[in-house]
Amino acid sequence: MRTVTYGAACSLDGFIAARDGAIDWLHFSKDVQQHIAQYWKTIDTMLVGRKTWAAGEEQGGMSGMIGGITTYLFSRTMREAPPGVHLVRDDAGAFVRELKRQPGKGICVMGGGELAVSLLEAGVVDEVGLNVHPILLGDGVPLFRDAGRRIALELLESRVIEGGCVLSQYRVREGARA
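What you are looking at is a predicted structure, and each value in this text was computed from that prediction instead of being measured.

Visitor: What should I look at first to understand the overall build of the protein chain in this one?
Guide: On a plain count of helices and strands, the protein chain comes out with four helices and ten strands. Helices and strands in the protein chain line up, N terminus first, as β-β-α-β-α-β-β-α-β-α-β-β-β-β. Counting all 178 residues of the protein chain, 42% fall into the buried class. Entry remark: accessible area of the protein chain is about 9800 Å², with carbon and sulfur atoms responsible for 52%.

Here it is as structure tokens:
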């Protein structure tokens, strides 16, 4: 079965963006670029929520990220998807549960917030990868919203990277998935 990974960069106090949506505090380093390049080779599918898609478009577009990767955009309000992207308006958990049964490489949950919590709630996320930045934002868009239950994680890897960031990878423990 395919692996679903939710990955995000966050502040030390657990926010993925400032209150106004700004991500100017993110530190992009060669370490991060190498990690992302290696990770990108392990996936063939990307799941993205409407708000993350919109933020990506404001930052210069998501199209450069999706070459050769099947992309599913989850939205209950959009009527059509951008070219080359599949719009999903159905239950995200059920859709991803079926997607995991299909042949292919890993599946990346891009961004955070509402889509990530719905997939955690549904028990379809297998791993969580975090790039924790050495900054306290005080307020903003939370990395995790309430998934309605505790989700036990097992640390797979943790290391300091350039800029004082800590890159950590966790596996969702058996029994914490549906």
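Visitor: Would you explain the pairing of strand β6 (residues 106–110) in this entry?
Guide: For a regular strand, side-chain orientation follows a simple rule: the groups alternate between the two sheet faces. With five of five residues buried, β6 is to be regarded as a mostly interior element. Pairing geometry for strand β1 (residues 4–11) and β6, over four bridges, is parallel. Each residue of the ladder has a partner; that of Gly 7, found in β6, is Met 110. When strand β3 (residues 43–49) meets β6, the two strands line up parallel, connected through five bridges. Counted as the bridge partner of Leu 47 is Val 109 from β6.

Visitor: Help me understand the packing of aromatic side chains, please; the structure alone is not making it clear to me.
Guide: By convention here, two paired aromatic rings are described through the distance between centres and the angle between planes. Evaluated as defined, the whole model comprises four aromatic pairs. Connected via pairs of aromatic rings, a cluster forms that spans Tyr 72, Phe 74 and Phe 95.

Visitor: Could you clarify how one ought to interpret the pattern of salt bridges in this entry?
Guide: Close approach of charged atoms allows side chains of opposite charge to pair. One pass over the structure, following the stated rule, counts six salt bridges. Two residues, Glu 98 and Arg 101, come together in a salt bridge whose shortest N-O distance is 3.3 Å. Here Arg 101 and Glu 98 lie together in helix α3 (residues 92–101), a separation of three residues that amounts to about one turn. Given a relative accessible area of 52%, Arg 101 falls into the exposed group.

Visitor: I'm lost on the side chain of His 133 in this one. Help?
Guide: By the element assignment, His 133 lies in strand β7 (residues 127–133). By relative accessible area, which is 3% here, His 133 ends up buried. Of note is the side chain of His 133, whose polar atom sits 3.3 Å from the backbone nitrogen of His 27. Not counting the four nearest positions on each side in its chain, His 133 is found in contact with Ala 9, Cys 10, Ser 11, Leu 12, Trp 25, Leu 26, His 27 and Cys 165.

Visitor: Honestly, the nonpolar core in this entry has me stumped. Any pointers?
Guide: The biggest cluster of nonpolar side chains holds 28 residues, and the ones touching the most others in it are Tyr 6, Leu 47, Phe 74, Leu 119 and Val 125. Residue assignment for this core shows that the elements contributing at least two residues are β1, β4 (70–74), α3, β6, α4 (114–122) and β7. Setting aside anything within four residues of it in sequence, one finds Leu 119 in contact with Leu 47, Ala 92, Gly 93, Val 96, Val 109, Val 124 and Val 125. Formed by ten residues, the second largest nonpolar core is a distinct cluster that contains Val 48, Trp 53, Ile 69 and Cys 108.

So, how was this worked out
- Residues numbered from 1 in each chain as written.
- Predicted model: local features only at pLDDT ≥ 70, side-chain atom pairs only at ≥ 80, totals over all residues.
- Heavy atoms only, no water.
- Helix = DSSP H or I, 4+ residues; strand = E, 2+ residues; numbered from the N terminus.
- Buried < 20%, exposed > 50% of the residue type's maximum accessible area, 1.4 Å probe, protein only.
- Areas by Shrake-Rupley, 256 points an atom, 1.4 Å probe, with all protein chains shown as cover.
- Pairing = 2+ DSSP bridges.
- Phe/Tyr/Trp six-rings, centres within 6.5 Å; stacked < 30°, edge-to-face > 60°.
- Salt bridge = Lys/Arg side-chain N within 4 Å of Asp/Glu carboxyl O.
- Polar contact = N/O pair within 3.5 Å; in protein donor to acceptor, adjacent residues only side chain to side chain.
- Contact = heavy atoms within 4.5 Å.
- Core = buried A, V, L, I, M, F, W, Y, C linked by side-chain atoms within 4.5 Å.

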